[in-house]
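Here is what each chain is made of, one letter per residue.
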Amino acid sequence: MEGELVQPAPEETPRDANPANVGLELFGYVGIEAVLDQMRIKTMKTGFEFNLMVVGQSGLGKSTMVNTLFKSKVSRKPTGPGYEERIPKTVQLQSITHVIEEKGVKMKLTVTDTPGFGDQINNENCWDPIIKYINEQYEKYLREEILISRKRKIPDTRVHSCVYFVPPTGHWLRPLDLEFMRRLSKIVNMVPVIAKADTLTLEERAEFKKRVRGLGRESVYPQEDFDDNSDDRILNNKIRDKIPFAVVGADKEHQVNGKRILGRKTKWGIIEVENPAHCEFPLLRDLLIRSHLQDLKDITHNVHYESYRMQRLNESNRLALSPINGLLGKDEVESDL
Amino acid sequence: MASSEVTRQLQNDNCRPLSLSGHVGFDSLPDQLVNKSINQGFCFNILCIGETGIGKSTLIDTLFNTSFDDRVSTHFQPNVRLRAQTYELQESNVRLKLTIVNTVGFGDQINKEDSYQPIVDYIDAQFEAYLQEELKIKRSLYNYHDTRIHVCLYFISPTGHSLKTLDLLTMKNLDSKVNIIPVIAKADTISKTELQKFKIKLMSELVSNGVQIYQFPTDDETISKINATMNGHLPFAVVGSMEEMKVGNKMVKARQYPWGIVQVENENHCDFVKLREMLICTNMEDLREQTHARHYELYRRCKLEEMGFRDTGPENKPVSLQETYEAKRHEFFGELQRKEEEMRQMFVQRVKEKEAILKEAERELQAKFEHLKRLHQEERMKLEEKRKLLEDDMIAFNKRKAATELLQAQAFASTPSVTLKKDKDRKNFM
């Protein structure tokens, strides 16, 4: 080691030192990549949370779809005789929470159902309770976050994804659908699906999608602005081409070719839910669970929650703190995502 | 107001476990998370505290198996400074942004009272920067370059006796702000038996003085056993070297002495491998989490309480940060307005004064003008008088002249012929 007398170097802080960070070569194995395993172990120990909301008119198969997605009786609809499903007078939101585990990964799944949406004669502002609910969850998280002594892990009840069920009319999106999707895609990740798609033939399905894609395209998930790199963009473009997915839900198993398969049995054949040739349910499941779940959560946290927080902190500079009133009428003022 | 009714169907205790009848696929969640992290890259900040020449830079070079460009410093620094450098390392597909902060001049001064203060200030400054970013209204936390110190390697000199007072003092001041891992530097100067005694002495001194060093976590079954054994080996006795020697038939990193070769990666010779294991391979993530969840939260809580924010108001009602912030804002605005008023008053005052002065000056000027005018008038009148006198004189003179000429003419008239002839002659001559 040369013992040269060097002048004392100027003090540098990480922020303004070495603006071009020096990239160095490692001469041998150090073990940095073990951090991935550490991360994996840690996250498996703490578990995950996922909050899903399903919105659509009654009778479109929302509960069945959720059961099919998670392969279990997440929402139990009693089907005994003498039970009439009452359509509620206003939109209500019901949340059910379950803990499911698969291969050591624990997930706390919360499904929020919205009976009464779009069922009344006058459906004006039927989206207000939903918007209020979503904002309430953001508010809860915000309050926890700005406490002085806050919890180690803030419970996350924010809605990560909203699946909107479009009735398979075969023509266009209805004004209610357009209004709802427009308003909600600004505050939550919106995934529209065509419900009960077994009423459309493949040609009708393609026609419907073509018409729907032009009209209801505004910033549904996955949003184009958040593609990180070109790989993501290619993958997401493929997904965007297929949106909205035409899905069929089923929770009964039938025998097909000697295998037990989830499907709907009709007199003219069995519709296999997991067959990509029959319906696009596998695509929806892959999007929601297998490939983009973490991405959904990240975008909710980094984009939607941040914009809510920014708005909330800005407006509290002007008026005193008041209970949430659902940001009604401020939708037009919000910036586009 | 139609409120949204959220009916949570409580089963046993808020959520019931559900059994799956098939493969759903969310077991890929940890992989999704890991992939995202790989894309983002990791960040790790190490602070090395130790006297000059104790081997900090060499150890870091050896730990990360690369040669960071670090200059050798002299012993004649007037005070302790910190020098931070950031490097980007990559191993297979994991990118690590490593920041190494070195203390320059630690333990060199004659008076070492303030040696630890710059270090504490530096750590606090990093927490403060993060807190500022978190409190911003428009913030971007997910691509914020985290500069908070995740681990502090404290280099103890191998005297073989006990901790120095400076070491105790510094560690005591730092243990609530950062994860401290003490290491015994230049461990090849201590023999094995002395080393055992030294370690026991060090640990007992640390415990009896209430210094909380970082304990490797033992709550996860996969790593609890190894962590527990490692906890017993603290502080690690390390030797650093980047020079390679041939031992047996391999090239290993070692230090060569006339009496033998000290191999860095030989567990019998020193604890370097253990340190690398613990620091990087097993607990890097936990170190980061402890920094964020414990030390940073503590700092945040203290800082916000200092600023006057509370979680509960005077009647023990929960007061949110917003309300306190609002109140403070009002206060601040009031103060601001008051100051503005003051300044405005002062300004008006000054203007008045200036006006008065100017008016004075104007008046003086006016008076002078009048005075001069009067003088001028007087002069003029005097001159007028003089002129009149002169004119009178001239008239008087003319009169006298006329009178004299008349007399002369009369005198000429009494002898007219002579004069007439003379005149005629004179005229003929002319």
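So, how was this worked out
- Residues numbered from 1 in each chain as written.
- Chains lettered and ligands numbered in written order.
- Predicted model: local features only at pLDDT ≥ 70, side-chain atom pairs only at ≥ 80, totals over all residues.
- Heavy atoms only, no water.
- Helix = DSSP H or I, 4+ residues; strand = E, 2+ residues; numbered from the N terminus.
- Buried < 20%, exposed > 50% of the residue type's maximum accessible area, 1.4 Å probe, protein only.
- Contact = heavy atoms within 4.5 Å.
- UniProt positions renumbered as here; feature names shortened; annotations may be inferred.
- Domains from an automatic or database assignment.
- Axes fitted to C-alpha atoms, helices over the stretch in contact; angles between N-to-C directions.
- Parallel < 35°, antiparallel > 145°, perpendicular 65-115°, else oblique.
- Core = buried A, V, L, I, M, F, W, Y, C linked by side-chain atoms within 4.5 Å.
- Polar contact = N/O pair within 3.5 Å; in protein donor to acceptor, adjacent residues only side chain to side chain.
- Pairing = 2+ DSSP bridges.
- pLDDT = per-residue confidence, 0-100.
- Left-handed = near helix turned anticlockwise from the far one by under 90°.
- Right-handed = clockwise from strand over helix to strand, strands pointing away.

### Regarding the overall build of chain B
Assigned secondary structure in chain B consists of 10 helices and 11 strands. Taken across its 430 residues, chain B has 41% of its residues classed as buried. Within chain B, contacts between residues separated by at least 24 positions form 67% of all contacts whose residues are at least 6 apart in sequence.

### Observations regarding the UniProt feature "coiled-coil region" (unreviewed entry) in chain B
As recorded in UniProt, the sites labelled "coiled-coil region" (unreviewed entry) are residues 344–400 of chain B. Secondary structure across residues 344–400 of chain B comprises 100% helix and 0% strand; the distance between its end C-alpha atoms is 83 Å.

### Quick look at the domain arrangement of chain B
Looking at the assigned domains, one finds that chain B contains domain 1 (38–307) and domain 2 (319–405). Averaged C-alpha coordinates put domain 1 of chain B and domain 2 of chain B at centres separated by 78 Å.

### Examining the packing of helix α3 (residues 117–135) of chain B against helix α8 (residues 284–306) of chain B
Residue and element names in this part refer to chain B. Where α3 contacts α8, the axes come no closer than 10 Å and their chain directions differ by 80°. Between α3 and α8, the interaxial angle falls into the category roughly perpendicular. Here Asp 124, Phe 127, Glu 128, Tyr 130, Leu 131, Glu 134 and Leu 135 of α3 come into contact with α8, specifically with Thr 291, His 292, His 295, Tyr 296, Tyr 299, Arg 300, Lys 303 and Leu 304.

### A word on the nonpolar core
A general tendency of soluble globular proteins is for nonpolar side chains to be buried together. Formed by 85 residues in total, the largest nonpolar core has its most connected members in B:Phe64 and B:Ile181. The element best represented in this core is α3(B), accounting for seven residues. Membership of the second largest hydrophobic core comes to 80 residues, among which are A:Met107, A:Val188, A:Tyr221 and A:Phe281.

### Quick word on the side chain of A:His292
Mapping A:His292 onto the fold places it in the loop between α7 (281–291) and α8 (293–315). Within the structure, the side chain of A:His292 is placed 2.9 Å from the side chain of A:Ser291, a separation counted as a polar contact. Here A:His292 is in contact with A:Tyr221, A:Leu235, A:Asn236, A:Ile239, A:Asp286, A:Leu287 and B:Gln32, once residues within four sequence places are set aside.

### Considering the sheet that holds strand β9 (residues 244–247) of chain B
Residue and element names in this part refer to chain B. An order of β9-β10-β11 is seen for the three strands of this open sheet, with the pairing classed as antiparallel. In this open sheet, the two strands that pair with only one neighbour each are β9 and β11 (260–263). Taking the axes of each pair of neighbouring strands and ignoring which way they run, one obtains an average angle of 65° across the sheet. The pairing of β9 with strand β10 (residues 250–257) spans four bridges and is antiparallel. If you follow Met 245 over to β10, its bridge partner there is Val 252.

### A few points about the sheet that holds strand β9 (residues 259–266) of chain A
Residues and elements named next belong to chain A. With antiparallel pairing, three strands are arranged side by side in an open sheet as β8-β9-β10. Unpaired on one side and paired on the other, β8 (253–256) and β10 (269–272) mark the two borders of the sheet. Along the sheet, successive strands turn relative to each other by an average axial angle of 70°, direction set aside. Judged from the four bridges that link them, β9 and β10 form a sheet pairing that is antiparallel. Paired with Lys 265 across the strands is Ile 270, a residue of β10.

### Description of the environment of A:His171
All names here are of chain A. Relative to the helices and strands, His 171 is located in the loop between β5 (161–166) and α4 (175–184). Separated by 104 residues in sequence, His 171 and Asn 67 have C-alpha atoms that sit 28 Å apart. Those residues in contact with His 171, other than ones at most four positions away along the chain, are Phe 208 and Arg 211.

### Some thoughts on the confidence of the model for chain A
Residues and elements named next belong to chain A. Averaged over every residue, the pLDDT of chain A is 75; the share at 70 or more is 77%. Within the model, the stretch residues 1–20 combines pLDDT values under 50 with 28 contacts to residues more than four positions away or in other chains. A low-confidence stretch, residues 319–337 stays under pLDDT 50, and its non-local contacts, those more than four residues away or across chains, total 34 contacts.

### Focus on the packing of helix α3 (residues 128–145) of chain A against α4(A)
Residue and element names in this part refer to chain A. Two elements in contact, α3 and α4, have axes separated by 11 Å at closest approach and are oriented at 15°. Classified by the angle between their axes, α3 and α4 sit roughly parallel to one another. Of the two possible hands of crossing, α3 and α4 adopt the one that is right-handed. Contacts between α3 and α4 involve Ile 130, Ile 131 and Ile 134 from the first element and Phe 180, Arg 183 and Leu 184 from the second.

### Notes on the pairing of strand β7 (residues 180–184) of chain B
Residues and elements named next belong to chain B. The buried count for β7 comes to five of five residues, which makes it a mostly enclosed element. Taking every second residue as pointing to the same face, both faces of β7 are buried, with Ile 180, Pro 182 and Ile 184 on one and Ile 181 and Val 183 on the other. Strand direction decides the pairing type here: strand β6 (residues 151–156) and β7, joined by five bridges, are parallel. When the bridges of β7 are listed, Phe 155 appears paired with Val 183. Regarding topology, helix α4 (residues 165–174) serves as the crossover connection from β6 to the parallel β7, and that connection is right-handed. Inspection of the sheet shows β7 paired to strand β8 (residues 236–237) by two bridges, in the parallel sense. When the sheet's bridge partners are listed, Ile 184 is paired in β8 with Ala 237.

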